[in-house]
Amino acid sequence: MDFFNQLDLLASLDETTSAEQDVPQKVGLALWQERGVLRPIDRQWIEQLARHAGEDHYPLLLAGALCSAFLGAGHICIDLAKIWKKPPEGITAGQLQTELAQCNVLSLTSWCQALSSSALIATSTDGSVPEGAECPMVLAGTRLYLYRYFQYEQQVLVYLQRQSNAEPFEPDATLIEQLFPEKSAEVNWQKVAVANAASLPFSVISGGPGTGKTTTVTKLLALLVAQSAAQGKPLRIELAAPTGKAAARLTESISNAKADLPLSHEIKQAIPEQASTLHRLLGSDFGRSRFKHHKENPLHLDVLLVDEVSMVDLPMMAKLIDAMPPHARLILLGDKDQLASVEAGSVLGDVSLGIETAYFQPDWAARLTQLTAENVSQFANPAAPPISRALTLLRKSYRFDANSGIGKLAKSMNSGDVKGVLSCLQANYHDVHWHVPEEGQTKPNIAALAKGYDAYWEAVRQKQDIASLYKVFSSYQVLTAVRQGEFGVELVNKHIEHYFYQRGRVPDPHVWYPGKAVMITRNDAGLGLFNGDIGLCMPDESQRLRVWFMQSDGSFTGLLPSRLSEFEVVFAMTVHKSQGSEFERVSLLLPMTPSPVLTRELIYTGITRARQEFSLWGAASLVMAAAQTRIERNSGLPEELWSHA
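Treat the numbers as computed from the prediction; the structure is a model and nothing was measured. (Residues numbered from 1 in each chain as written. Predicted model: local features only at pLDDT ≥ 70, side-chain atom pairs only at ≥ 80, totals over all residues. Heavy atoms only, no water.)

### Details of the overall build of the chain
And then number 1: Secondary structure assignment for the chain yields 28 helices and 20 strands.
And then number 2: With respect to the three principal axes, the spread of C-alpha positions in the chain is 70 × 65 × 50 Å.
And then number 3: Counting every position in the chain, which comprises 645 residues, the buried fraction comes to 57%.
And then number 4: Within the chain, counting contacts between residues at least 6 apart in sequence, those at least 24 apart form 73% of the total.
And then number 5: Averaged over its 58 positive side-chain charges, the chain has a centre that lies 4 Å from the centre of its 69 negative ones. (Helix = DSSP H or I, 4+ residues; strand = E, 2+ residues; numbered from the N terminus. Buried < 20%, exposed > 50% of the residue type's maximum accessible area, 1.4 Å probe, protein only. Contact = heavy atoms within 4.5 Å. Lys, Arg positive; Asp, Glu negative; His and termini not counted. Charge placed at Lys NZ, Arg CZ, Asp CG, Glu CD.)

Shown next, in the form of C-alpha cells:
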C-alpha cells in the first residue's frame, strides 16, 4: 500500500479512533474543534499522519487540521498569512499566536519554516515538488495544500498559462459579419465573444440570465463548422454540462437557436445538439475519482463546449483538462456570479476574477476591433494579464426589460446594493413578491409553498404523458438555503409531502405513488444516473410504477423504484441543487436565523432560477446581511493568473 492509498484509508477511519489516540498537544486542537473550526475527521486525519511519521509538533498538527477543515468548506488550500492575521471565527489572532509562541513559533515566517522542515510537507517554489517526494501536503509560499489538490491546481494553471500564450487562430470576419448583421451604437458583446473564442484554443464566455449565452455559443459553433466545411475538414464537437438537467437544457437551447441562423441547412445540420454530462463524456466506468478518458486516452474531439461551468469543481476541471487532446479547443460557458461548486474550488470565479474591468491588452483589443468592426479598442487595458484575452463578459440582458423586478433584483443583489435590493422587494413589481415572516413565526407557510404544485397534481390526475408532466413539474420549484431545520430542505419536503397526503393527493408518503418526485443524491453509473437527476414516478403502459428520468437528448428512461438506492423527495431543493436549472416560478425560503450559507451568491443564484416570477420568504435583516456577504474560497489561481500582468 503506497503512502497516498494509506492516506485515503486514514481519512475513512471513524471518530472513535481519534478519541483513543494519545497524540501530544491534543488539548489545543480540541479547543479549535470545540469552537467549530475543526471537525472530528480533521483532527483524526492529522493525528494519524503525525503518528505514522513520528511527528507531534503542534504548529504542524494545527496547520494540517486546518488544511483538512478548509478543504471540507470548499477551499483548495489555506493561506497561513491570512490565518495568522485573522483566524477563523471562534479563535482570535491573539489566541493563535499565543498557542504557537509556546512552541517557539513567533512569526508567520517561523511557522512556515517549521512546516517546511516536516517530513509530511513538501515545499514548492515553482509549481513543482521535489522529485520522489511522497508528502501528503505541499507548502507553496504561505499557501498549504493537500498534495492531491496542489496537483489539481497546477494542472489547471499550467494549461491556462500555456493556452493564454498560444498562437491565435484566424477566424473568418465575413462569416462573423453574416452571423451578426445588426448594427448598434453600443458594442455587441455577443459578436465580440464569438470572434474572441474563435481566435483562441481556450475561452470563457460569462454572462447573467438572459444575456444570450446559448445564442452566442450557437453562432460560435456555426462559425467553426462553416470554416471547417470550407476547408473540407470534418469537425468533431462535443457539448457537455455538469448535470443531466443542465445538459438537457443545453441540448434544447442549441436546437432552438440553430433555427434562426442565417446559414445553409447543411451547416445547421452539422452543428451538434446532443449534450452529455461531464461524467458520461469522460467515462465514469471506474467511479468519480477515475475516468476512462485521460492524458493517455484523450477524448476524441476537436471542440468541447462546457455549459454551467460555475458548478464544476477543481478536481473535475483538472480531469477534464487532462483528457483534452493537445489540438482541441475548450470553450467554457457560465455565470461567474453564481454559487461556486459544491465541492472544492471556484474555477470559473478564479479564472474570470477581473473580467469586469481588465478587458483586453491593447494589441488584442485592436485585433478584435478589426475582426468585428466593433469599437473594442476603447476597452484596451495595458495592465491586463494574458488570461484576460480569453474572457468575454456578456453585459446586456435580453430577458428582463426595464419593468422587470427580477432583473433589477438580481443586479442589485449581485452588486451588494442593499438599498437597491430592499427597494426592489418593496416596489410591488408584478414578478417579485416578498413574504416577511410574522412575529413569532417558527415554521414556513407550507400551504402557500405547496400551492405552486396545483397544476402538477392536476396533470398527474389527468395522467398526462411523462414529457408533459415533466414540463409542468419543472415550471415551479421551492428552493431552500439550508438542509436542516424547520426551513431546511429535509423538513420542508417532508411537510409538503404530508400536506399533499392530507389533501388526498398522496395515498401514503412512505411508499411509491403516482406523482412522487425524487432527486438522485449519489452517482450510479450502472443506471446512468447522477447526483441531481430528477425522476417522476408514474405508471407505464402495463400500469406498473416506474420512475422516469429525462436524458440529455430529451427522451425518458423508466426505472423500477426498487432499483434506486440513494434519493430524496424533491418538492423542495437547495439552491445549490437548483444550479443548471430554470423554472417559470420560484419560491426561495430563507431560515429564520443567521447562517453562514446566506451569501450574495446564494440569493443571486436563487433569484436567477426564475424566469417569470420570484417569491422570497425571509426577514429583511437576513437579506441585508446576505447582500453584504461574499463567498471567498482560498486558491492559488487568482494570484498566479491575475497578479502577474
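The discussion continues.
### Here we look at the packing of helix α19 (residues 405-415) against helix α20 (residues 418-426)
And then number 1: For the pair α19 and α20, interaxial distance at closest approach is 8 Å and the crossing angle is 160 degrees. Here α20 runs roughly antiparallel to α19, going by the angle between their axes. The hand of the α19/α20 crossing is left-handed. Note on element contacts: α20 touches α19 through Gly420, Val421, Cys424 and Leu425, opposite Lys408, Leu409, Ser412 and Met413. (Axes fitted to C-alpha atoms, helices over the stretch in contact; angles between N-to-C directions. Parallel < 35°, antiparallel > 145°, perpendicular 65-115°, else oblique. Left-handed = near helix turned anticlockwise from the far one by under 90°.)

### Describing the pattern of salt bridges
And then number 1: Under the definition given, this model contains 25 salt bridges.
And then number 2: Among the salt bridges present, the one from Asp540 reaches Arg546, with a minimum N-O distance of 2.9 Å.
And then number 3: On the basis of relative accessibility, which here comes to 13%, the residue Asp540 falls in the buried class.
And then number 4: The network of salt bridges with common partners includes Arg249, Glu308, Glu582, Glu584 and Arg611. (Salt bridge = Lys/Arg side-chain N within 4 Å of Asp/Glu carboxyl O.)

### A word on the UniProt feature "binding site: ATP" (unreviewed entry) in the chain
And then number 1: What UniProt calls "binding site: ATP" (unreviewed entry) maps, in this numbering, to Gly207, Gly208, Pro209, Gly210, Thr211, Gly212, Lys213 and Thr214.
And then number 2: Filtering out sequence-adjacent residues up to four positions away, Gly207 remains in contact with Lys213, Gly334, Asp335, Leu393 and Leu394.
And then number 3: Relative accessible area serves as the criterion here: at 15%, Gly208 is assigned to the buried category.
And then number 4: Dropping the residues within four chain positions of it, Gly208 is found in contact with Lys213, Asp335, Leu394 and Tyr604. (UniProt positions renumbered as here; feature names shortened; annotations may be inferred.)

### Remarks on the packing of helix α9 (residues 147-164) against helix α16 (residues 314-322)
And then number 1: As a packed pair, α9 and α16 sit with axes 9 Å apart at the nearest point and diverge in direction by 50 degrees. Comparing the axis directions of α9 and α16 gives the class oblique. When the axes of α9 and α16 are compared, the crossing they make is left-handed. When α9 is examined against α16, the residues Tyr149, Tyr152, Glu153, Gln155, Val156 and Tyr159 are found in contact with a partner set consisting of Leu314, Pro315, Met317, Ala318, Lys319, Ile321 and Asp322.
And then number 2: Tallied by class, residues from the contact of α9 with α16 come to nine nonpolar, one polar and three charged. (Nonpolar A, V, L, I, M, F, W, Y, C, P; charged D, E, K, R; others polar.)

### Looking at the UniProt feature "domain: UvrD-like helicase C-terminal" (unreviewed entry) in the chain
And then number 1: What UniProt calls "domain: UvrD-like helicase C-terminal" (unreviewed entry) maps, in this numbering, to residues 570-613.
And then number 2: Across residues 570-613, helical content stands at 27% and strand content at 32%; the span's end C-alpha atoms are separated by 20 Å.

### Observations concerning the state of the cysteines
And then number 1: For the structure on display, the rule yields zero disulfides.
And then number 2: With no disulfide of its own, Cys77 has Cys67 as its nearest cysteine by sulfur position, at a separation of 7.6 Å. (Disulfide = S-S within 2.5 Å.)

### A few points about the nonpolar core
And then number 1: The biggest cluster of nonpolar side chains holds 135 residues, and the ones touching the most others in it are Trp111, Leu304 and Leu330.
And then number 2: Looking at which element gives the most residues to this core, the answer is helix α5 (residues 58-72), with eleven residues.
And then number 3: Looking at which domains feed residues into this core, each of domain 1 (29-146) and domain 2 (166-398) supplies at least three.
And then number 4: Setting aside chain neighbours within four positions, we find Leu304 in contact with Glu238, Ala240, Leu281, Leu299, Leu320, Met324, Arg329, Leu330 and Ile331.
And then number 5: Grouped together as the second largest cluster of nonpolar side chains are 70 residues, Val478, Ile534, Phe571 and Leu622 included. (Core = buried A, V, L, I, M, F, W, Y, C linked by side-chain atoms within 4.5 Å. Domains from an automatic or database assignment.)

### Focus: the sheet that holds strand β4 (residues 143-146)
And then number 1: Within the open sheet, the four strands sit side by side as β1-β4-β3-β2. Their pairing is mixed. The outermost strands of the open sheet, each flanked by one partner alone, are β1 (77-79) and β2 (121-124). Mean inter-strand twist for the sheet, computed between neighbouring axes without regard to direction, equals 25 degrees.
And then number 2: Of the pairings in the sheet, the one linking β2 to strand β3 (residues 137-140) comprises four bridges and is parallel in character. (Pairing = 2+ DSSP bridges.)

### Quick look at helix α4 (residues 40-53)
And then number 1: Over its 14 residues, α4 extends 20 Å from the first C-alpha to the last, a length consistent with the 20 Å expected when each residue adds 1.5 Å.
And then number 2: Asp42, Arg43, Gln44, Trp45, Ile46, Glu47, Gln48, Leu49 and Ala50 are the residues of α4 that are buried. (Expected span 1.5 Å × (residues − 1).)

### Some thoughts on unusual backbone geometry
And then number 1: Of note, the phi angle at Lys463 is positive, near 55 degrees, even though the residue is not glycine.
And then number 2: Within the secondary structure, Lys463 sits in the loop between α22 (454-461) and α23 (466-473).
And then number 3: Of the residues examined, Lys463 reaches a relative accessible area of 64% and is grouped as exposed.

### Considering the sheet that holds strand β12 (residues 476-480)
And then number 1: With parallel pairing, five strands are arranged side by side in an open sheet as β11-β20-β19-β12-β18. With partners counted over all chains shown, the strands left at the sheet margins are β11 (432-435) and β18 (572-574), one partner each. Taken over all neighbouring pairs, the strand axes of this sheet differ in orientation by 25 degrees on average, direction set aside.
And then number 2: Pairing geometry for β12 and β18, over three bridges, is parallel. In the strand pairing of β18, Val478 is matched with Ala572.

### Structural notes on the packing of aromatic side chains
And then number 1: Counting across every chain of the model gives 20 aromatic pairs.
And then number 2: When the ring of Tyr149 is compared with that of Tyr152, the centres are 5.4 Å apart and the planes differ by 90 degrees; the resulting orientation is edge-to-face. Of this pair, Tyr149 and Tyr152 are both found in helix α9, three residues apart, which corresponds to roughly one turn of the helix. In this structure, Tyr149 and Tyr152 share a single accessibility class: buried.
And then number 3: With centroids separated by 4.8 Å and ring planes inclined at 40 degrees, the aromatic side chains of Tyr359 and Phe379 adopt a geometry described as tilted. Of this pair, Tyr359 sits in the loop between α17 (347-351) and α18 (362-372) while Phe379 is found in the loop between α18 and β10 (391-394), placing the two residues 20 residues apart along the sequence. (Phe/Tyr/Trp six-rings, centres within 6.5 Å; stacked < 30°, edge-to-face > 60°.)

### What about the environment of Ser562?
And then number 1: Tracing the chain through its elements places Ser562 in the loop between β16 (556-559) and β17 (567-569).
And then number 2: As for Ser562 and Trp512, which are separated by 50 residues in sequence, their C-alpha atoms are 9.7 Å apart.

### Remarks on the pairing of strand β19 (residues 583-589)
Along any regular strand, the residues point their side chains to alternate faces of the sheet.
And then number 1: A large share of β19 lies buried, amounting to five of its seven residues.
And then number 2: As judged from the five bridges shared by β12 and β19, these two strands associate in the parallel manner. Each residue of the ladder has a partner; that of Tyr476, found in β19, is Arg585.
And then number 3: Pairing geometry for β19 and strand β20 (residues 610-617), over six bridges, is parallel. When the bridges of β20 are listed, Ser587 appears paired with Ser615.

### A look at the side chain of Asp335
And then number 1: Relative to the helices and strands, Asp335 is located in the loop between β9 (329-334) and α17.
And then number 2: One buried charge, Asp335, has no salt-bridge partner; the nearest side chain with opposite charge is Lys213, at 5.4 Å.
And then number 3: Not counting chain neighbours up to four residues away, the residues in contact with Asp335 comprise Ser206, Gly207, Gly208, Pro209, Ser310, Leu348 and Tyr604.

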